[in-house]
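# Structural description and commentary
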Amino acid sequence: MLTDVGQYAVLLAALLLLYAAGASVYGAQRDDDRFVQSGRIAAALAFPLMVIGMAGLLIALINNDFSLRYVVSVSSLGTPLFFRITALWGAQAGSLLFWCVLMSAFVFVAMQRRWDADRELLPYVTATMALTLAFFIVLTLVSANPFERLDFPPSDGRGLNPLLRHPGMIIHPPVLYAGFTGFIVPFAFCMASLITRRKDDLWLRASRRWTLVGWVFLTLGLILGGRWAHDVLGWGGYWGWDPVENKSFVPWLLGTAFLHSAMIQEKRGMFKNWNVALMMLTFGSIVWATAIVRSGLLTSVHAFAASSMGPIFLGFLVVMLAAMLYFWLTRLDVLKSENALDKLFSREGVFLLQNVVFVSAAVTVFALTSLPIATEAISGQRLTVGPPYFNAVVVPQLILLIALMGIAPLVAWARGNARAVARQSAGALIFAFAVLVAVFIALSLPALTPMTALAAALAGLCAYTAAVTLVEYVRGARARMQANHEPALVALGRLIARNQRRYGGYLVHLGVVVIAIGAIGKGFFGSDAIRNVPLNGTFTYGGYAFTYRGTQTVPCQFDDCSTLQAALKVTRASDAGPFARAGDFVGGLYPRVDRYPAQQFTSTIADVTGTFNEEVYVILSAWEDEGSSATFTVYINPMINWLWVGGVIMTLGFIVAFWRAEPSPVTRAVPVLQGAK
Amino acid sequence: MKPRVFIGIALIFGALIAVIAFTLAGNASLEVKVDELLHQRQSGVDLSQRVFKLTGTVVGDSIRYDAKTLDLRFDIVQDRETLVNNVAAAPRVTVLYRGAKPDTLVHEAKAIVTGKLDGDGRFVAGSSPDALLLQCPTKYEAAAKAQP
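Residues numbered from 1 in each chain as written. Chains lettered and ligands numbered in written order. Predicted model: local features only at pLDDT ≥ 70, side-chain atom pairs only at ≥ 80, totals over all residues.

We now examine the overall build of chain B. Scanning chain B from N- to C-terminus turns up 3 helices and 8 strands. Its helices and strands in sequence order give chain B the pattern α-β-α-β-β-α-β-β-β-β-β, from N to C terminus. Put simply, chain B has 148 residues, and 33% of those count as buried. (Helix = DSSP H or I, 4+ residues; strand = E, 2+ residues; numbered from the N terminus. Buried ≥ 20, exposed ≤ 12 C-beta atoms within 10 Å, placed from the backbone.)

Contact with chain A, which involves 39 residues of that partner, is made by 36 residues of chain B. Along the lines of polarity and charge, the residues of the side of chain A that touches chain B split into 19 nonpolar, 18 polar and 2 charged. The sheet contact formed by strand S1 (residues 382-385) of chain A and strand S1 (residues 28-33) of chain B spans 4 bridges and is antiparallel. Its bridge partner lying in S1(B), Arg382(A) is registered against Glu31(B). (Contact = placed C-beta atoms within 7 Å. Nonpolar A, V, L, I, M, F, W, Y, C, P; charged D, E, K, R; others polar. Pairing = 2+ DSSP bridges.)

Moving on to the nonpolar core. Residue and element names in this part refer to chain A. One finds Leu17, Ala46, Cys100, Val107, Ala130 and Leu133 to be the most contacted residues of the largest nonpolar core, which totals 193 residues. Per-element accounting of this core gives the leading share, 16 residues, to helix H9 (residues 202-232). Formed by 27 residues, the second largest nonpolar core is a distinct cluster that contains Ala545, Leu568, Leu589 and Ala622. (Core = buried A, V, L, I, M, F, W, Y, C linked by C-beta atoms within 7 Å.)

So, about the domain arrangement of chain A. What the domain assignment reports for chain A is domain 1 (1-165), domain 2 (172-335 + 344-410), domain 3 (411-520) and domain 4 (527-640). Using only C-alpha atoms to locate each centre, domain 2 of chain A and domain 4 of chain A end up separated by 39 Å. (Domains from an automatic or database assignment.)

Residue and element names in this part refer to chain A. Of note, the phi angle at Trp241 is positive, near 55°, even though the residue is not glycine. Within the secondary structure layout, Trp241 lies in the loop between H9 and helix H10 (243-268). For Trp241, a count of 19 C-beta atoms within 10 Å corresponds to the partly exposed category. Even without being glycine, His485 reaches a positive phi, approximately 55°. When you line up the elements, His485 lands in the loop between helix H17 (450-484) and helix H18 (488-498). Residue classification places His485 among the exposed residues on the basis of 8 C-beta atoms within 10 Å.

What follows deals with the environment of Pro153(A). Residue and element names in this part refer to chain A. Within the secondary structure, Pro153 is located in the loop between helix H6 (122-143) and helix H7 (167-182). The sequence separation of Pro153 and Val72 amounts to 81 residues, and the corresponding C-alpha distance is 8.5 Å. Other than its neighbours up to four places away in sequence, Pro153 contacts Phe66 and Ser67.

What follows is about the environment of Tyr503(A). Residues and elements named next belong to chain A. In this structure, Tyr503 sits in helix H19 (residues 500-525). Tyr503 gets classed as buried once you count the C-beta atoms within 10 Å, which come to 21. It is 9.9 Å that separates the C-alpha atoms of Tyr503 and Leu470, two residues lying 33 residues apart in sequence. In this structure, Tyr503 is in contact with Tyr473, Leu495, Ile496 and Val656, ignoring residues within four places of it in sequence.

Turning to the confidence of the model for chain A, a few remarks are in order. With 95% of its residues at a pLDDT of at least 70, chain A reaches an overall mean of 89. Scored below 50 in pLDDT, residues 664-677 of chain A shows 12 contacts in the model against residues more than four places distant or in partner chains. (pLDDT = per-residue confidence, 0-100.)

Attention now moves to the sheet that holds strand S11 (residues 629-638) of chain A. Residues and elements named next belong to chain A. Here 4 strands make up an open sheet; going across it, the order is S2-S11-S10-S9 and the pairing antiparallel. Looking along the sheet, the strands with just one partner apiece sit at the ends: strand S2 (527-534) and strand S9 (607-610). Here the strands of the sheet are splayed against their neighbours by 25° on average, with no regard to which way each runs. (Axes fitted to C-alpha atoms, helices over the stretch in contact; angles between N-to-C directions.)

Have a look at this one:
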């Protein structure tokens, strides 16, 4: 009963949104505010209706109402309450509904904001958001209706996909969806600004904080996804250039480029055209991303099963792109830059270069990911490229971005001075060189290869960028100490509070460097091996000795599975290097295999030990004769933990940039050449 | 924007496109099914350097695994229908893989193997973690799983 109410609520939401779009545009054309306001209210109402719809599905899940096809596919009598709730986004139909709920929440909050200063944009913001959201709701109801009933309800369901019963998978999808759907707000502002032919940067300033919210959720979604893959998929890695990973990375690259180039428009009135194009590309890539995962167009480890959504999505993408292109081309005259780029060696120039690299990286990832579809359309044969090729082509571009991060803060606006940059970065360069030499010596002691030289160079680059960024804090704080006679910590605190975006941004940069260090460590020095070992036998690998102590069946954490667990004792081996003594105890490892007979599914769960800087990751790959011998795959993952720390630092940077320590920046005059030296 | 800047941007993109255009063919793998691979092999073209992403259905009683040497071999046929209807006469490809035997390697499982053909017409899987992917025979959503 309540479930049916939910279904009708969702349908009503879609109808209200269509009305909202029509009424807003009509009101704007007729200059009749009553229609605009009714459109606004109608668009906002979609959210409570979608919540009722979600509640209807949740009640069905909690009560295990097996007359719903969706409940059968993700729940069972033995599924604990907690996972019955998270099953809401455990498969295609439910997660698409959940996606719509999140998007409607963003629409709701945007409709509640004060529209005094930018009334002119309201009708078109409403219309853009309402039409986009309506599309996703209709898509849900037409091709993946979570409320679909079965004629003959079974007595039990299939239960939640075991891969999804992990904390990372419980948080990861909502966070990622929030990132995707959050971009609807800046996108709608962008379209509204285009449609109303505004010359100023109102849309940027009005939607800036929303862009940041979308961006941080996207960032966190990517990092949490990597963590989940590392913990659950049993392959030792965190990023495999899988289509589903790539499709989240492309909007991230474009959105990050946008966050940077938007600053140039706010400060110098430049890049207007580019910013509009970037925002449209970002949102377009989000729709493309959703289409890829949802329609089964590309084979992936974690895509949803093939579905009929492809053509519907394609239709929407074409209509959306056509609308974007139309409004963009007919408004090129208002997107003229107010200032010319006089000198490439200036803050604007570095930003431009950085933007070009971000976009080229995004285009590369997009093109290589779409290669199978494109080649199939052209020649009928699907061509794919693997992770090594992605690494070879995309990673150099990302390295270039890290270098630019180390240069940009030092280059002055309008006209940069190469000598001043060299003088200011002298300390950082010396530090970076010292790091380079130290890393090179440490790495080449065991073996000298071209790889160690490259890794040392990259470590030096990371050290340089980190040093430049940290010096920015020190220099700013010292200036305040001298000018205002403030104690060091007070000066630092006030410096950050007065320039939140800038110093929050630098903190994000530091997080990126930390992530890069983790990626270098794992990428260059990570290694793995497969070893078969008899009971109580020992094998050595990567400076560790592993002694196999047997397997045993232990209680599984869920009642629809059984667990076989192996025990390994890990000690330092004799070749462990100068800082460890052979025989030192490192840890006990209990890698396990969870079998889910009802679902014919096996989940290989790794166990880890080692130190913060070197993770030892072991999975039980196979075993023979009740465990008289067993096969283990060992991954040595140097620096991988830096990735997660970098993610935390990036989030802190976002909080610094977002937190309102000062009155709203929109109402405050922005100095034209803020940050000029 | 000055022409100089435009030229600079065009050069960067041009270089990138050139790099990809020249290196793609040697690094891309072709997605094929069993019948297609056998057909290509009979056509007499030298396939020894070509990387394929081969999809097929596992013949359960062909699976051989030596735990000591980690040598794994099994046969795959075109699809599930072939396996059910006419497994004896169906054309098949033998897959060679080095590594732990995945639990999901069972009769009727769908295998996606990345690798090359050797001189004897056997398909040698690569060593990357996703060289052998298996999908359970059930129609379970998102049940594909990377191995090892």
